[in-house]
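Understanding the architecture of this molecule
This is what each chain is made of:
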Amino acid sequence: MAVGNWAQEAVTTLGIKLKKWPKWVDLVGAPFAFGLFFAILMWEELWNLPDDGALSAWLLLLITSGAVFNSVQYENRMWCRHLCPIGAMCRTFGTMSMTEVRSFKANCQGCSDP
């Protein structure tokens with residue numbers, strides 16, 4: 001998300017106007033994201049992803065490039081909201097959950113202090 005935001009800011013400062021989301025994203029976004037999540041799961045299982053740093057790096061590069069590619073074309077983080085496989089799984093389980101996990105503010109204050 002951060003890399004996509006930086007890319008989007010760079011493109012807009014150059015004067016390039018970003019497109020609005022296409023209509024198909026609202027209809028096909030969730031199944032597409034779950035398909036990508038399934039592909040990642042298969043990638044992990046078939047090629048032993050946790051033990052191979054190069055494959056893990058390629059996966060991270062693919063997800064980041066998807067975010068950047070969509071961020072320089074469309075407004076409002078279309079990748080993160082509709083197409084990202086990790087975000088889709090978090091969104092699905094977050095809406096179906098009966099409870100939610102929150103941190104205490106005291107735990108997070110140490111991160112913002114220099």
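Here the structure is shown first, and the text comes after it.
What comes next is a walk through the structure. Computed from a predicted model, the values in this text were never measured in an experiment.

**Describing the overall build of the protein chain**
Summing up its helical and strand segments, the protein chain has six helices and zero strands in all. Taken across its 114 residues, the protein chain has 25% of its residues classed as buried. Look at the contacts in the protein chain between residues 6 or more apart in sequence, and 68% of them connect residues 24 or more apart. As displayed, the protein chain has an accessible area near 8,600 Å², and 66% of this comes from carbon and sulfur atoms.

**Let's talk about the nonpolar core**
Counting residues in each nonpolar core, the largest one holds 13 residues, and the members touching the most others are W43, L49, L59, I63, M78 and W79. For this core, the elements supplying multiple residues, two or more each, are α2 (23-47), α3 (53-71) and α4 (78-83). A per-element tally of this core places α3 first, with four residues.

**Some words on the environment of F37**
Topologically, F37 is positioned in helix α2. For the pair formed by F37 and A88, sequence separation is 51 residues and the distance between their alpha carbons is 8.4 Å. For F37, the residues in contact, after removing those within four places along its chain, are P85 and M89.

**Here we look at the packing of helix α1 (residues 2-13) against α3**
Here α1 crosses α3 at 30 degrees, and the two axes come no closer than 8 Å. Judged by the angle between their axes, α1 and α3 are roughly parallel. In this structure, α1 crosses over α3, and the sense of that crossing is right-handed. From α1, V3, G4, A7 and Q8 reach across to α3, where they touch T64, A67, V68 and S71. Along the lines of polarity and charge, the residues of the contact of α1 with α3 split into four nonpolar, four polar and no charged.

**Quick look at the packing of α2 against α3**
Where α2 meets α3, the closest approach of the two axes is 11 Å, and the angle between their N-to-C directions is 170 degrees. Judged by the angle between their axes, α2 and α3 are roughly antiparallel. Here I40, W43 and W47 of α2 lie close against α3, whose contacting residues are L55, W58, L59, L62 and I63. Grouping the amino acids of the contact of α2 with α3 by side-chain chemistry returns eight nonpolar, no polar and no charged.

**Side note on the side chain of Q8**
Considering the arrangement of structural elements, one finds Q8 in helix α1. For Q8, a relative accessible area of 13% corresponds to the buried category. If near-sequence neighbours (up to four positions away) are discounted, Q8 is found in contact with L18, S71, Y74, E75, N76 and R77.

**So, a nonpolar patch on the surface**
A contiguous nonpolar surface patch, about 530 Å² in accessible area, is contributed by F38, L41, M42, L46 and W47. Tracing the chain through its elements places F38 in helix α2.

**Things to note about α2**
Look at α2: 36 Å from first C-alpha to last across 25 residues, which is about the 36 Å you get at 1.5 Å a residue. Taken as a whole, α2 carries its principal kink of about 55 degrees at G29; the proline P31 stands between one and four residues after it. Buried residues of α2: V25, G29, A33, I40 and W43, and no others. At the C-terminal side of α2, N48 shows a positive phi close to 55 degrees.

Quick notes on the rules
Position labels on residues start from 1 in each chain and follow its written sequence. The predicted nature of this model means local features are confined to residues of pLDDT at least 70 and side-chain atom pairs, given and counted, to a pLDDT of 80 or more, with totals for whole chains, interfaces and linings taken over all residues. Note: side-chain values were computed over all heavy atoms of the structure, leaving out hydrogens and water. Comment: elements are numbered from the N terminus, with helices defined as DSSP H or I runs of at least four residues and strands as E runs of at least two. When accessible area is computed with a 1.4 Å probe and restricted to protein chains, residues below 20% of their type maximum are described as buried, those above 50% as exposed, and intermediate ones as partly exposed. Note on definitions: a residue-residue contact is assigned when non-hydrogen atoms from the two residues lie within 4.5 Å. The method behind every accessible area is Shrake-Rupley, applied with a 1.4 Å probe, and residues are considered shielded solely by the protein chains displayed. What makes a nonpolar core is a set of buried Ala, Val, Leu, Ile, Met, Phe, Trp, Tyr and Cys residues whose side-chain atoms join them at distances within 4.5 Å. Between the N-to-C directions of two axes lies an angle of 0 to 180 degrees, each axis being a line fitted to C-alpha atoms and, for a helix, fitted only over the stretch in contact. Any angle that is under 35 degrees is reported as roughly parallel, and any over 145 degrees as roughly antiparallel; angles of 65 to 115 degrees are reported as roughly perpendicular and all others as oblique. Should the near helix be turned anticlockwise from the far one by less than a right angle, the crossing is left-handed, and should it be turned clockwise, the crossing is right-handed. Here the term charged refers only to Asp, Glu, Lys and Arg, the term nonpolar to Ala, Val, Leu, Ile, Met, Phe, Trp, Tyr, Cys and Pro, and the term polar to all other amino acids, Gly among them. In this analysis, a patch consists of residues with relative accessible area above 30% that form no salt bridge, clustered at 9 Å for like charges and at 5 Å for the nonpolar side chains Val, Leu, Ile, Met, Phe, Trp and Tyr. Salt-bridge detection follows one rule: a side-chain nitrogen of Lys or Arg within 4 Å of a carboxyl oxygen of Asp or Glu. The length a helix should cover is 1.5 Å for every residue beyond the first. Here the bend at each residue means the angle between axes fitted to two seven-residue stretches, the one ending at that residue and the one beginning there.

Everything listed here is a matter of coordinates, which is why it stays silent on function.
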